[in-house]
Amino acid sequence: MTQYDPLDDANARAAAYLDGLRDRRVFPDAKTLAGLREFDEPLPPAGRDISDTLRLLAEIGSPATVASNGPNYFGYVIGGTLPSVLAAQRLFDAWDQCASSFDNAPSVHKIESVAANWLLELLDLPRSAKVSFGTTTASCGFACLATARRTLLDRQGWNIDRRGLNGAPVLRVVVSEAAHSTILRNLRLLGFGLDHLELAPVDEHGRVDPERLPPLDDRTLLCLQAGEVNTGEFDPFSDIVPVAKAAGAWVHVDGSFGLWARANPDLAYLAKGVEGADSWTVDGHKWLNTPYDGAAGICRHGDLLAETMNSATVYAPGAGDAQMNLGMEFSRRGRGLSFWVALRSLGRDGLTEMTLRHCRHARMLADGLADAGAEVLNRVVLNQVLFRCETDEATQAMRDRAVATGRIWFGPTRWQGRSACRLSVSNWQSSDDSIDAALRVLGEALDRGHSGREAAAHQEKL
Ligand SMILES: *Cc1c(COP(=O)(O)O)cnc(C)c1O
């Protein structure tokens, strides 16, 4: 008899899970969710066998996941995990490096610095910028915005590291009306106060309108975005960034998924001019299809990022290229590793192919939805599709019907004061077949809405 190997067992169960992703329910049914009760057990006095733990996870945990790592999931902007990254991740877990600096983790330090250079090259951002690999756009964005605050105050002769916020010169924040909630949370946590934010009005596509932009000055932090979460649209950077820079403002760009358009010759026009900003964020776990969680904060003024986030002491910069001095985490896993594996396995061409395919699939969905009688609300310049039915009630009922089939999942949203639905095509497995299948489910859900209304109208006549 061969000896039991937990890694082999876990591998086999992981492979079976991946195999089943395409054909299972996307959101688990009530019975499966009720099964989660099995986890309600007392803390065992003596340790349980790992084979039993893996069994419990596979039998009860796996079916009650959301199949967001498969091609039938269109919620939020949630990518899957590329098989290449999943495989390499296994080795990284075995390394278990505390990748805070070269001294703790030489190979991770090296690989992350290569990943940083590739990222700057791909996104065509200043090669001298520094990249902080962290958990999320939210946390990497915090580092960028903290750097902006510190720098703007420093230019007013105020050292925030020593003097803090009490009595500090007042800064202004101009932020897109369509900014993501995590930007607002960061600004709130950084002490700017929601009541003091100046909202920049957006046009019908969710882009900041340059004509209605509040005046900017050298005490202003301006937050723009590449990839509005509903429409996938981009702020007009070429019109705004040079003006903001001339005024002395700091420009931060939330590019959580949209910034990847820069890496694609056919999509790069969307984010033209974004390279003039001071700081940017981009996620790996969304469009690049790296696992949760991994993101990058990029700062043109790398030394300022390193001074702001320095964790040796706040005013004596330590090793400026140590990741512990560039982001929120001190102890950390090397979150740039998954970027490196994904980019090395896709190559420039693979990334271009994947993102273009997603955009094509988004247009297929939009066309199919329009044919089936839905109202598509965006121009579908990227991978996001926004649509609704005649009334808010019909929109919500249509989504409920579609999601209840278990063959698809997508989220509700609000757009211009009304209920809408949003589909995001961001999974590496997305294929013409999976999109056709999605359109069949969507079409049926729309159709039953129409026939429901016709039946009701018919009833009224009788
Ligand atoms: C998802 C998203 C965020 C937040 O990203 P996290 O990685 O979840 O922190 C911010 N902005 C936009 C536009 C997003 O789509």
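Residues numbered from 1 in each chain as written. Predicted model: local features only at pLDDT ≥ 70, side-chain atom pairs only at ≥ 80, totals over all residues. Heavy atoms only, no water.

Caption draft 1: Molecular detail of the sheet that holds strand β10 (residues 411-415). Taking strand neighbours across the sheet as the criterion, the four strands line up as β8-β9-β11-β10 in an open arrangement whose pairing is antiparallel. The open sheet terminates on both sides in strands that have one partner only, identified here as β8 (375-376) and β10. Here two bridges tie β8 to strand β9 (residues 384-388), and the two strands are oriented antiparallel to one another. Within β9, the position partnered with Glu375 by the bridge is Arg388. Against the sheet, helix α11 (residues 336-371) engages β8, β9 and β11 (418-424), with an angle of about 15° to β9. (Pairing = 2+ DSSP bridges. Helix = DSSP H or I, 4+ residues; strand = E, 2+ residues; numbered from the N terminus. Contact = heavy atoms within 4.5 Å. Axes fitted to C-alpha atoms, helices over the stretch in contact; angles between N-to-C directions.)

Caption draft 2: Representation of the layout of surface pockets in the model. By volume, the largest pocket is sized at about 1,000 Å³. Breaking the lining of the largest pocket down by element, the ones donating at least two residues are α1 (6-20), α3 (50-61), α4 (83-95) and α11. Here the lining of the largest pocket takes eight residues from α1, the largest share from any one element. Residue classes in the lining of the largest pocket are distributed as 17 nonpolar, 11 polar and seven charged. In this structure, the second largest pocket encloses a volume near 250 Å³. Around the second largest pocket, the lining comprises 13 residues; the ones closest to its centre are Pro169, Val170, Leu171, Gly191 and Phe192. Every element with two or more residues in the lining of the second largest pocket is listed here: α6 (137-155) and β2 (172-176). Split by residue class, the lining of the second largest pocket holds nine nonpolar, two polar and two charged. (1 Å grid on protein atoms, 1.4 Å probe; cavity = no way out; pocket = protein on both sides within 12 Å on 5 of 7 lines; lining within 4 Å. Points joined across faces, edges and corners; volume = space filled by probe spheres on them. Nonpolar A, V, L, I, M, F, W, Y, C, P; charged D, E, K, R; others polar.)

Caption draft 3: Spatial organisation of the site of the ligand. Near the ligand you find 14 residues, and of these Ala138, Asp254, Asp283, His285 and Lys286 are the closest. Within the backbone of Ala138, a nitrogen or oxygen atom sits 2.9 Å from an oxygen atom of the ligand. Between the ligand and His285 there is a distance of 2.9 Å, counted from an oxygen atom to a side-chain nitrogen or oxygen. (Near = heavy atom within 4 Å. Polar contact = N/O pair within 3.5 Å; in protein donor to acceptor, adjacent residues only side chain to side chain.)

Caption draft 4: A look at empty space enclosed by the protein. Following the criterion strictly, the structure yields two cavities of 30 Å³ or more and no others. Of the voids in this model, the largest cavity is the one considered here, and its volume is about 70 Å³. Taken together, His180, Gln225, Ala226, Gly227, Val229, Asp254, Gly255, Ser256, Phe257 and Lys286 make up the full set of residues lining the largest cavity. Taken together, the residues of the lining of the largest cavity sort by class into three nonpolar, five polar and two charged. In this model, the second largest cavity occupies a volume close to 30 Å³. Thr137, Ala138, Gly141, Thr182, Ile183, Asn186, His252, Asp254 and Thr281 are the residues that line the second largest cavity.

Caption draft 5: Examining the packing of aromatic side chains more closely. Applying the stated rule across the entire model yields seven aromatic pairs. Consider the rings of Tyr73 and Trp409, whose centres lie 5.6 Å apart with planes at 5°: the pair is stacked. Of the two residues, Tyr73 is situated in the loop between α3 and α4 and Trp409 in the loop between α12 (392-404) and β10; the sequence distance between them amounts to 336 residues. With respect to class, Tyr73 is no different from Trp409; both count as buried. Taking 6.5 Å as the distance between ring centres and 15° as the angle between the ring planes, the aromatic pair formed by Trp118 and Trp340 counts as stacked. Here the residue Trp118 occupies a position in helix α5 (residues 106-122), and Trp340 occupies one in helix α11, the gap between them amounting to 222 residues. (Phe/Tyr/Trp six-rings, centres within 6.5 Å; stacked < 30°, edge-to-face > 60°. Buried < 20%, exposed > 50% of the residue type's maximum accessible area, 1.4 Å probe, protein only.)

Caption draft 6: A look at the sheet that holds strand β5 (residues 250-254). If you walk across this open sheet you meet the seven strands as β1-β7-β6-β5-β4-β2-β3, and the pairing is mixed. The open sheet is flanked by β1 (130-134) and β3 (197-200), the only strands paired with a single partner. With direction set aside, neighbouring strand axes in the sheet form an average angle of 20°. Contacts from helix α9 (residues 237-246) reach β4 (220-225) and β5, with the element oriented near 165° to β4.

Caption draft 7: Layout of the packing of α4 against α11. Orientation of α4 relative to α11, taken along the N-to-C sense of each, is 140°, at an axis distance of 9 Å. Comparing their axes, α11 and α4 come out oblique. In the crossing of α4 with α11, the sense of the turn from one axis to the other is right-handed. Contact residues: α4 offers Ser84, Val85, Ala88, Gln89 and Phe92, while α11 offers Leu337, Ser338, Val341, Ala342 and Ser345. Residue classes in the contact of α4 with α11 are distributed as six nonpolar, four polar and no charged. (Parallel < 35°, antiparallel > 145°, perpendicular 65-115°, else oblique. Left-handed = near helix turned anticlockwise from the far one by under 90°.)

Caption draft 8: Local environment of the nonpolar core. Ranked by size, the top nonpolar core spans 64 residues in total, and within it Leu119, Trp260 and Leu382 carry the most contacts. With nine residues, α11 is the single largest residue contributor to this core. Those residues within four positions of Leu382 in sequence are excluded, and the remaining contacts are Gly232, Phe234, Phe257, Gly258, Ala261, Leu267, Leu270, Trp287, Cys359 and Ala362. Counting residues in hydrophobic clusters, the runner-up holds 27 residues, among them Leu145, Ala168, Cys223 and Met309. (Core = buried A, V, L, I, M, F, W, Y, C linked by side-chain atoms within 4.5 Å.)

Caption draft 9: Local environment of unusual backbone geometry. Following Tyr292, the chain continues into Asp293 via a peptide bond in cis, with omega recorded as -10°. Residue position: Asp293 is located in the loop between β6 (279-283) and β7 (295-299). Phi is positive for Gln416, close to 50°, though the residue is something other than glycine. Residue position: Gln416 is located in the loop between β10 and β11.

Caption draft 10: Here's a closer look at the side chain of Thr137. With respect to the helices and strands, Thr137 occurs in helix α6. Judged by relative accessible area, which is 9%, Thr137 ranks as buried. Once residues lying within four places of it in the same chain are set aside, the contact partners of Thr137 are Asp254, Ser256, Thr281, Val282, Asp283 and Ala295.

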